[in-house]
Amino acid sequence: MYKFNPILKTIIWGGEKIVPYKQLVSDQKSVGESWELSGVKGSESVVADGPYAGKTLPELIDLLKGDLVGKKVYEKHGNEFPLLIKFIDARKDLSIQVHPDDELSHKRHGKNGKTEMWYVVGADKGAHLLSGFSKKVTPEEYAAKVADNTLTDVLTNYEVHEGDVFFLPAGRVHAIGAGSFVAEIQQTSDVTYRIYDYGRLGADGKPRELHVELAKDAIDFRVEDDYRTHYTGKKNEGVELVRCNYFITSVYDTDRETEISMEGLDSFMVVMGLEGRGVIRDNEGNEIPVHQGETVLVPATTRLLKLIPENHLKVLTSHL
């Protein structure tokens, strides 16, 4: 089992929650994102300790191959880690975005598309986010609404609270709003079409680039009744939140020893600490401590995990 050094990203809209949440010692300000597990070129996670300390995630995959990520996963993705795992702290509204699906993204950029999900770790009073259209619009109406600054009038605005879950398949227009603190699980991809940015200026004093036309073909204009993911929490057993072609994510809220079977998965598992602290033990007796804000990568060769809370331990697990 492996921990990696978090990659803290100072961003114009970033807040001050990530450093204390992760119990880090850092003077870094406006940290908008902590990249927990990343194989993205230029932002590769580095193993924090143990015999592989200093190795990047792609180097670790190259060494351990299917034993780390799973045989089928390695056959498909090679040394590229297929997920990008983050914590995000929005002090201000993020830009409104959409991500293309695999087909369009491969055609245009030679890269994967991006399907993702958010788990709301914490929310200030009145915190909100945008997900999906609230009414039917045509591609032409969408472009006109961007131009006259009324796009938010046709998007669904949710007040968010701790534990809320949103699944964002490629094509769904979305934005994290001010006061939201989320865990994000997504396909490894850096293809984002920025649609609207409230007329803000970037660090260089110029308006940030928008991709209004590019986004037209990427947007799913269908309207749904509710874009939230509804689930019922349980104690000391997994509750599946999202199952899609790219990841399966569950939440475990424990106050006693709880088992997670990995038998037959043929996939790595990512464990993100959300609350509390404890120990993760595998079927061979290896142990690793974990607390709120820490992320652990569990190899695909593991058959059984035990979550052993100190008093209380809440985690998200994700695998392929």
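Residues numbered from 1 in each chain as written. Predicted model: local features only at pLDDT ≥ 70, side-chain atom pairs only at ≥ 80, totals over all residues. Heavy atoms only, no water.

Visitor: It is not clear to me how the packing of aromatic side chains should be interpreted in this structure. Could you clarify?
Guide: Between two aromatic rings, the relevant description is the distance of the centres plus the angle of the planes. Throughout the structure, instances matching the rule amount to 9 aromatic pairs. Between Phe-133 and Phe-221 the ring centres are 5.5 Å apart and the planes differ by 20°, which places this aromatic pair in the stacked class. Of this pair, Phe-133 sits in strand S8 (residues 128-133) while Phe-221 sits in the loop between helix H7 (212-218) and strand S14 (228-229), and the two are 88 residues apart along the sequence. A residue is classified by how much of its surface remains accessible, and Phe-133, at 1% relative accessible area, is buried. The lysine or arginine in question, Lys-9, covers the ring of Trp-35, its NZ or CZ lying 4.1 Å from the ring centre. (Phe/Tyr/Trp six-rings, centres within 6.5 Å; stacked < 30°, edge-to-face > 60°. Helix = DSSP H or I, 4+ residues; strand = E, 2+ residues; numbered from the N terminus. Buried < 20%, exposed > 50% of the residue type's maximum accessible area, 1.4 Å probe, protein only. Lys NZ or Arg CZ within 6 Å of the ring centre and 35° of its normal.)

Visitor: Even after reading the chapter, I still don't get the environment of Met-272, so can you show me in this structure?
Guide: Note on placement: Met-272 falls in strand S18 (residues 269-282). With relative accessibility at 1%, the residue Met-272 sits in the buried group. Met-272 sits 23 residues away from Thr-295 along the chain, and the two C-alpha atoms are 4.4 Å apart. Ignoring any residue separated from it by four or fewer positions in sequence, one finds Met-272 in contact with Glu-36, Ile-85, Lys-86, Phe-87, Ala-183, Ile-185, Glu-294, Thr-295, Lys-314, Val-315 and Leu-316. (Contact = heavy atoms within 4.5 Å.)

Visitor: Got a minute to help me understand the nonpolar core in this structure?
Guide: Generally speaking, soluble globular proteins have nonpolar side chains that are buried together. With 39 residues, the main nonpolar core has Phe-133, Tyr-142, Leu-151, Ile-195 and Ile-219 as its most contacted residues. Not counting the four nearest positions on each side in its chain, Leu-151 is found in contact with Ile-96, Tyr-142, Lys-145, Val-146, Ile-195 and Tyr-196. Counting 38 residues, the second largest nonpolar core, distinct from the first, contains Leu-8, Tyr-119, Leu-241 and Phe-268. (Core = buried A, V, L, I, M, F, W, Y, C linked by side-chain atoms within 4.5 Å.)

Visitor: In this structure, what is going on with the environment of Asp-282? I would like to understand it.
Guide: Within the element layout of this structure, Asp-282 appears in strand S18. Take Asp-282: its relative accessible area is 10%, and that puts it in the buried class. Linking Asp-282 and Leu-265, residues 17 residues apart in sequence, is a C-alpha distance of 15 Å. At 2.9 Å, the side chain of Asp-282 forms a polar contact with the backbone nitrogen of Glu-284. Reaching out from Asp-282, the side chain makes a polar contact with the backbone nitrogen of Asn-286 at a distance of 2.9 Å. (Polar contact = N/O pair within 3.5 Å; in protein donor to acceptor, adjacent residues only side chain to side chain.)

Visitor: What is the right way to read unusual backbone geometry from this model?
Guide: Negative phi characterises most residues that are not glycine, and trans characterises most peptide bonds. Even without being glycine, Ser-30 reaches a positive phi, approximately 50°. Looking at the secondary structure, you find Ser-30 in the loop between helix H1 (18-21) and strand S3 (31-37). With a phi close to 55°, Asp-266 is a non-glycine residue in the positive phi region. Position of Asp-266 relative to the elements: it lies in the loop between strand S17 (258-261) and S18.

Visitor: Help me understand empty space enclosed by the protein, please; the structure alone is not making it clear to me.
Guide: Over the atoms a probe the size of a water molecule is rolled, and this reveals where empty space is left. Applying the stated rule across the entire model yields 1 cavity of 30 Å³ or more. Along its surface, the largest cavity is lined by Gly-132, Phe-133, Pro-169, Ala-170, Gly-171, Arg-172, Val-173, Asp-220, Arg-222, Glu-224 and Tyr-227. Classifying every residue of the lining of the largest cavity by side-chain character gives 5 nonpolar, 2 polar and 4 charged. (1 Å grid on protein atoms, 1.4 Å probe; cavity = no way out; pocket = protein on both sides within 12 Å on 5 of 7 lines; lining within 4 Å. Points joined across faces, edges and corners; volume = space filled by probe spheres on them. Nonpolar A, V, L, I, M, F, W, Y, C, P; charged D, E, K, R; others polar.)

Visitor: Can you help me understand the pairing of strand S19 (residues 287-291) in this one?
Guide: Within a regular strand, the side chains alternate between the two sheet faces. Strand direction decides the pairing type here: S18 and S19, joined by 5 bridges, are antiparallel. Counted as the bridge partner of Arg-281 is Glu-287 from S19. Remark: 4 residues form the turn of the hairpin made by S18 and S19, two consecutive strands paired antiparallel; Gly-285 in that turn has positive phi of roughly 90°. (Pairing = 2+ DSSP bridges.)

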